[in-house]
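# Notes for the structure review
Here is what each chain is made of, one letter per residue.
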Amino acid sequence: MSANDTPMKKNQITSATAAPRAPSQTEIAPIAYRIWQSRGCPEGQDQAIWLEAERSLKAGASGTARARRRAEASEDADELEERTAELLEETAPPARRSATAL
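The structure reproduced in this document is the subject of the present report. (Residues numbered from 1 in each chain as written. Predicted model: local features only at pLDDT ≥ 70, side-chain atom pairs only at ≥ 80, totals over all residues. Heavy atoms only, no water.)

## Points about the side chain of E52
- Inspection of the secondary structure assignment puts E52 in helix α2 (residues 46–59).
- The exposure class of E52 is buried, given its relative accessible area of 17%.
- If we ignore the near neighbours within four places in the chain, the residues touching E52 are I35, R39 and R70. (Helix = DSSP H or I, 4+ residues; strand = E, 2+ residues; numbered from the N terminus. Buried < 20%, exposed > 50% of the residue type's maximum accessible area, 1.4 Å probe, protein only. Contact = heavy atoms within 4.5 Å.)

Following this line, the structure appears as structure tokens:
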């Protein structure tokens, strides 16, 4: 057995098992914002949403992907709502005027 083949000791940490670094505010903020928007911009839930975004980043790619999908679904819903409102305005009958309004 060469010097490079020494077995690992129990207290050695490998790069695969090392604790991930904490996400930065710059990384958390856009995810928290998307979650906040996807929930209809609620007031008083900023800390809970921030912690959820932080947890999703710590959870890794699957958590980030899930948050991204939620945000994209929210954006799609917003676009659909806006387009529906536009179509309703375009197809609405003209407002009736009373004879006394002239």
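## Considering the nonpolar core
- I28, I31, A32, I35, I49, A53 and A67 form the largest nonpolar core, which has seven residues in total.
- A total of four residues in this core trace back to one element, the largest contributor, which is helix α1 (residues 25–38).
- Other than its neighbours up to four places away in sequence, A53 contacts I28, I31, A32 and I35. (Core = buried A, V, L, I, M, F, W, Y, C linked by side-chain atoms within 4.5 Å.)

## Points about the environment of K58
- The topology assignment puts K58 in helix α2.
- Expressed as a C-alpha distance, the spacing of K58 and A22, which sit 36 residues apart in the sequence, is 7.1 Å.

## What to know about α1
- For α1, built from 14 residues, the straight-helix expectation of 20 Å at 1.5 Å per residue is met to within 8% by its first-to-last C-alpha distance of 20 Å.
- Listing the buried residues of α1 in full gives I28, I31, A32 and I35. Looking straight down α1, one finds that the buried residues subtend no more than 105° of arc, so they occupy a single side. (Expected span 1.5 Å × (residues − 1). Arc of directions from axis to C-beta.)

## A look at the packing of α1 against α2
- Relative to each other, α1 and α2 sit at 120°, their axes nearing to 8 Å. The angle between the axes of α1 and α2 places the two elements in the oblique class. Here α1 runs over α2; the crossing is right-handed. Counting all contacts with α1, which are made through Q25, E27, I28, A29, I31, A32, I35 and W36, the residues of α2 involved are I49, W50, E52, A53, E54, S56 and L57.
- Split by residue class, the contact of α1 with α2 holds 10 nonpolar, two polar and three charged. (Axes fitted to C-alpha atoms, helices over the stretch in contact; angles between N-to-C directions. Parallel < 35°, antiparallel > 145°, perpendicular 65-115°, else oblique. Left-handed = near helix turned anticlockwise from the far one by under 90°. Nonpolar A, V, L, I, M, F, W, Y, C, P; charged D, E, K, R; others polar.)

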